[in-house]
Amino acid sequence: MVVLLTWSIVPSFPLASPAISQRKTTRAQAENAIRASIFETMKAFLTGDIKTLKQRVAKRTLDLVDLVYEAAREDPLLQSELRTARITNADEFLRFFMQGMANQYLQAAPISPEQAARRVANDSVLSFTGDSEARIIVGDAEFARAKLVAKAWKIDLTESLKKAVLKEVKNPEMRARIKSL
């Protein structure tokens, strides 16, 4: 109460309260941490580093990969592809998927994986939706979300990946499971 009275009585002091100043500092720290997480996630994606990728992405994204792998195992057209590629689990499926996407991405932009990851991290626009979540916008579209989980910023790619996945999955039950993520 005394602090409020002091701020209202003394007009020559700045109007920003210590709480607002702390929030700006915290937001700047969060932005730096999110950009670092975007960089690490993108670099892991482009280099096929499954261990780092799994540490950096949100659980929802990993759950989506598991569902897509399950759908691929059930699809007669994809079963032979999985056998040919010797994919027997979700991690191998993720690595195979990442490798294909990374090759396409790096062919379109002939730079190193680290340079590409740095570009995405630096050029992304972050729009905070709260203290523990931010939208990651690349170009004109939302690419992912950053979510604060156990004091670490995780990258949630689920929504952007679901759109592409749902075009390929035909099983109505599996489609419903994917949509519910």
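This is a predicted model, so every value here is computed, not measured. Numbers given to residues run from 1 along each chain, matching the order in which its sequence is written. Since the coordinates come from a predicted model, pLDDT governs what is reported: local features require at least 70, and pairs of side-chain atoms require 80 or more to be given and counted, while whole-chain, interface and lining totals use all residues. Only heavy atoms go into the side-chain values, all of them from the structure, while hydrogens and water stay out.

**Re the overall build of the chain**
A run of DSSP states H or I qualifies as a helix once it reaches four residues; a run of E qualifies as a strand once it reaches two. Both are numbered from the N-terminal end. Helices and strands together make up the secondary structure of the chain, namely 9 helices and 4 strands. In sequence order, the secondary structure elements of the chain are arranged as α-α-α-α-α-α-α-β-β-β-β-α-α. Each residue gets one of three labels from its accessible area relative to the maximum for its type: buried under 20%, exposed over 50%, partly exposed in between, using a 1.4 Å probe on protein chains only. In the chain, buried positions account for 31% of the 181 residues. In what follows, a contact means two residues having at least one pair of non-hydrogen atoms within 4.5 Å. Counting contacts in the chain only where the partners sit at least 6 residues apart, residues at least 24 apart contribute 51% of the total.

**Comments concerning the confidence of the model for the chain**
Here the chain shows a mean pLDDT of 84. Residues at 70 or above account for 86%. Values of pLDDT, ranging from 0 to 100, describe the predictor's confidence in every residue of the model. Predicted confidence for residues 1–22 stays below pLDDT 50, and this span has 4 contacts to residues more than four positions away or in other chains.

**Some words on the nonpolar core**
By size, the foremost hydrophobic cluster in this structure holds 45 residues, and its most contacted members are I34, I38, F93, I136 and I178. Beyond its immediate chain neighbours, meaning those up to four positions away, I178 contacts L64, L67, K162, V165, L166 and V169. The term nonpolar core refers to a set of buried residues drawn from Ala, Val, Leu, Ile, Met, Phe, Trp, Tyr and Cys, joined through side-chain atoms within 4.5 Å.

**A closer look at the pattern of salt bridges**
Salt bridges are identified by distance alone: a Lys or Arg side-chain nitrogen within 4 Å of an Asp or Glu carboxyl oxygen. All chains considered together, the criterion is met by 13 salt bridges. In this structure, K59 engages D63 in a salt bridge whose closest nitrogen and oxygen atoms are separated by 3.0 Å. A residue pair is termed a helical-turn pair when its members lie 3 or 4 positions apart in one helix, as K59 and D63 do in helix α4 (residues 59–74) at 4 residues. In this structure K59 comes out as exposed when scored by relative accessible area, which is 60%. D63 sits in the partly exposed class, given a relative accessible area of 24%. The salt bridge involving E142 is made with R135; its shortest N-O contact spans 2.6 Å. On the basis of relative accessibility, which here comes to 28%, the residue E142 falls in the partly exposed class. Three or more residues joined by partner-sharing salt bridges are found here, namely R60, K147, D156, E159 and K162.

**Thoughts on the packing of α4 against helix α9 (residues 172–180)**
Angles run from 0 to 180 degrees between N-to-C directions of axes, and those axes are lines fitted to C-alpha atoms, restricted for helices to the stretch in contact. Relative orientation of the contacting elements α4 and α9 amounts to 170°, with a least axis distance of 10 Å. By the angle class used here, α4 and α9 are roughly antiparallel. Facing L64, L67, E70, A71 and E74 of α4, the residues of α9 in contact are M174, R177 and I178. Each residue belonging to the contact of α4 with α9 can be placed in one class, and the counts come to 5 nonpolar, no polar and 3 charged. For classification purposes, an angle smaller than 35 degrees is called roughly parallel, one larger than 145 roughly antiparallel, one from 65 to 115 roughly perpendicular, and anything else oblique. Any residue outside Ala, Val, Leu, Ile, Met, Phe, Trp, Tyr, Cys, Pro, Asp, Glu, Lys and Arg is labelled polar, Gly included; the first ten of those are nonpolar and the last four are charged.

**Here we look at the pairing of strand β3 (residues 141–149)**
For two strands to pair, DSSP has to find at least two bridges joining them. As judged from the 6 bridges shared by strand β2 (residues 133–138) and β3, these two strands associate in the antiparallel manner. Bridging from a neighbouring strand, A134 pairs with A146 of β3. The antiparallel pairing of β2 with β3 creates a hairpin that spans 2 residues between the two strands, and G139 there sits at a positive phi of about 65°. For β3 and strand β4 (residues 152–156), the ladder comprises 5 bridges, and the chain directions are antiparallel. Bridging from a neighbouring strand, R145 pairs with D156 of β4. Here β3 hands over to β4 after 2 residues, with A150 in that stretch at a positive phi of 50°.

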